[in-house]
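Fold and contact review
Each chain is listed here by its residues.
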Amino acid sequence: MAHPHVDMSQIMAPHPKRAVALAQMREALTERGYFYASNVDCLPQEYIQSVYAYAGQLHALPAQEKQRCARPKGTYSGADASVNELAYEVGSTASVRAFDYSRVRFPTSGHVFPEATCSETGQTFVELLDELYERQDQLAVSLMTAFEEMFALAPGTFSNCFSGAGQDMGTIRLLHYPAAASAEEAKRRQEASYGISPHTDFEAFTLMHQNAAGLQFLAPGGEEWLDAPVKSQEFVVIVGDVLERFTNGTLKATPHRVLQTPWERYSIIRFNAMTPETLIQPLPHFVSASKPAMYTPVTMQKHMDTTLSRLEQGLGSWEKGAPGRSLSASYVYDEP
Ligand SMILES: O=C(O)CCC(=O)C(=O)O
Ligand SMILES: [Fe+2]
């Protein structure tokens, strides 16, 4: 099946085909929930490869160093440091191991970061991740602006509450999925044991890059999980809870998961969020007499705090079933 694709050179700088690209983006996000973004000049392939090289270095650190950097005082989670990924689907386990970095949630003071510097660039953990964050911000701001334009919303509707100055609640994840022992084991364990269990992301939208197959999206209609092909020069853009709530369900947060694979896998994930105080509620543009507001207002901060605390309590954010359903996208809040 053809995967939706948008040429970002038609979006990130003035271009005669901008309107065509915006229409493709709108169709991809409303009908399929994702698209592949190509020609992203601020994140060239050699640069992404150097980020993977550093991720490889970090995930190869001794267990003792990973334990020193483990959550909550640090940024690492993984079975080898006795901190597991929170279960999105209650009762499931995940093999994923993560170095997470968020300027708001993991401030550079008071948090424990790995000491290893990048052997290619010499950068520290914070320097390298801050540079990646800035580069991703260039793409993220262009996308926020494009989302406004494709829905004919007032300029600034999204981009004004997305701060490039590090005040947003975004996160970068450098993820590693160790290889399952064998193909048989990977298959046998698929029932309740994932690379990462099905979920929707809690923020506005996510940029994803993978170096090996394993990522899947739930196809519209919810019957079938589709493999997301590996495209080394492109980024996958998916919808998060916040855009579903702002658009009153015109966009739907994209359910996704990662299978346990017999091969090792790395990915680079960036959650794009709003500033903590941003009030997320269905915009008037998406509300009418025949389509009343279906989501309660909530601030970005509260939505993150609630979803994370529910995960910590073991309540999950995804309802198990065939096909299952995102709980976090549609939480009902008593007050914002
Ligand atoms: O590794 C991936 O491709 C997906 C990771 C993911 O869904 C997440 O961290 O929320
Ligand atoms: Fe995700």
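In case you missed it, the structure is sitting above this.
Right, let's walk through the structure included here. (Residues numbered from 1 in each chain as written. Chains lettered and ligands numbered in written order. Predicted model: local features only at pLDDT ≥ 70, side-chain atom pairs only at ≥ 80, totals over all residues. Heavy atoms only, no water.)

1. What to know about the pairing of strand β12 (residues 235-239)
Burial analysis of β12 places five of its five residues in the buried class, the great majority of the element. Side chains F235, V237 and V239 project from β12 onto one buried face, and the interleaved V236 and I238 project onto a second face that is buried too. Direction of pairing for strand β2 (residues 34-38) relative to β12: antiparallel, over a ladder of four bridges. The residue bridging Y34 from the neighbouring strand is I238, located in β12. Note: strand β9 (residues 205-210) against β12, four bridges, orientation antiparallel. Bridging from a neighbouring strand, L207 pairs with V237 of β12. (Buried < 20%, exposed > 50% of the residue type's maximum accessible area, 1.4 Å probe, protein only. Helix = DSSP H or I, 4+ residues; strand = E, 2+ residues; numbered from the N terminus. Pairing = 2+ DSSP bridges.)

2. Remarks on the packing of aromatic side chains
One pass over the full model with this rule turns up twelve aromatic pairs. Here Y101 and F125 contribute two aromatic rings whose centre-to-centre distance is 6.0 Å and whose plane-to-plane angle is 90°, an arrangement assigned as edge-to-face. A residue pair is termed long-range when its members are at least 10 positions apart, and Y101 in strand β5 (residues 97-101) and F125 in helix α4 (residues 125-150) qualify at 24 residues. Using a relative accessible area of 1% as the deciding quantity, one classes F125 as buried. Above the plane of the ring of Y47 lies R135, whose end atom (NZ or CZ) is 3.8 Å from the centre. Of note, K231 hangs over the ring of Y36, and the distance from its end group to the ring centre comes to 4.8 Å. (Phe/Tyr/Trp six-rings, centres within 6.5 Å; stacked < 30°, edge-to-face > 60°. Lys NZ or Arg CZ within 6 Å of the ring centre and 35° of its normal.)

3. Focus: the coordination of the iron ion (ligand 2)
In the first shell of the iron ion (ligand 2), the protein supplies H199 (NE2), D201 (OD) and H256 (NE2), at 2.1 to 2.2 Å from the metal. Along the chain, the residues donating to the iron ion (ligand 2) are arranged with the sequence spacing H-x1-D-x54-H. Linking H199 in strand β8 (residues 196-199) with H256 in strand β13 (residues 256-258), this pair joins segments that are 57 residues apart in sequence. Take H199 and H256: they sit in the same class, and that class is buried. (Donors = N, O, S within 2.8 Å, 3.2 Å for Na, K, Ca; no water.)

4. Quick look at the pattern of salt bridges
One pass over the structure, following the stated rule, counts 13 salt bridges. Residue R68 pairs with E65 through a salt bridge whose shortest N-O separation is 2.8 Å. Of this pair, R68 and E65 both sit in helix α3 (residues 63-68), three residues apart, roughly one helical turn. Using a relative accessible area of 31% as the deciding quantity, one classes R68 as partly exposed. It is possible to trace a salt-bridge network through shared partners that takes in E65, R68 and E115. (Salt bridge = Lys/Arg side-chain N within 4 Å of Asp/Glu carboxyl O.)

5. Quick look at the side chain of E234
For E234, the location among the structural elements is in the loop between β11 (225-227) and β12. Apart from residues lying up to four places away in sequence, E234 is in contact with H5, Y36, A37, S38, M208 and H209. (Contact = heavy atoms within 4.5 Å.)

6. Here we look at the sheet that holds strand β14 (residues 265-272)
The strand order β1-β2-β12-β9-β14-β6-β5-β3 describes an open sheet built from eight strands, whose pairing is mixed. Of all the strands in the sheet, just β1 (5-7) and β3 (76-77) have a single pairing partner and so form its edges. Bridging between β5 and strand β6 (residues 171-177) involves five bridges; their strand directions are antiparallel. When the sheet's bridge partners are listed, Y101 is paired in β6 with I172. Across the sheet, α4 is in contact with β2, β5, β6, β9, β12 and β14; its angle to β9 comes to roughly 125°. (Axes fitted to C-alpha atoms, helices over the stretch in contact; angles between N-to-C directions.)

7. Overview of unusual backbone geometry
The bulk of non-glycine residues show a negative phi, and the bulk of peptide bonds are trans. With omega at 0°, the peptide bond leading from R71 into P72 counts as cis. We note that N39 has phi near 55°; this positive angle belongs to a residue other than glycine. Structurally, N39 can be placed in the loop between β2 and α2 (45-59). You can call N39 partly exposed: its relative accessible area is 42%. Despite not being glycine, A152 shows a phi value in the positive range, around 55°. On the secondary structure map, A152 appears in the loop between α4 and β6.

8. Regarding the nonpolar core
Residues M25, L143, F147 and F205 are the most contacted members of the largest nonpolar core, which totals 96 residues. Residue contributions to this core peak at 13 residues, all from α4. Those residues in contact with F147, other than ones at most four positions away along the chain, are M25, L29, F158, F205, V237 and L243. (Core = buried A, V, L, I, M, F, W, Y, C linked by side-chain atoms within 4.5 Å.)

9. A look at the site of ligand 1
The environment of ligand 1 is formed by 14 residues, the closest being R173, Y177, H256, R265 and S267. For ligand 1, an oxygen atom lies 2.9 Å from a polar atom in the side chain of R265. Protein burial of ligand 1: of its 290 Å² of free accessible surface, 100% is covered by the chains. Among the cavities detected, the one that contains ligand 1 is the largest cavity. When residues of the shell around ligand 1 are traced back to their parent elements, those giving at least two are β6, β8, β13 and β14. Here the element with the most residues in the shell around ligand 1 is β14; it accounts for four residues. Per-class residue counts for the shell around ligand 1 are eight nonpolar, three polar and three charged. (Near = heavy atom within 4 Å. Polar contact = N/O pair within 3.5 Å; in protein donor to acceptor, adjacent residues only side chain to side chain. Areas by Shrake-Rupley, 256 points an atom, 1.4 Å probe, with all protein chains shown as cover. 1 Å grid on protein atoms, 1.4 Å probe; cavity = no way out; pocket = protein on both sides within 12 Å on 5 of 7 lines; lining within 4 Å. Sits in = over half its atoms within 2 Å of the grid points. Nonpolar A, V, L, I, M, F, W, Y, C, P; charged D, E, K, R; others polar.)

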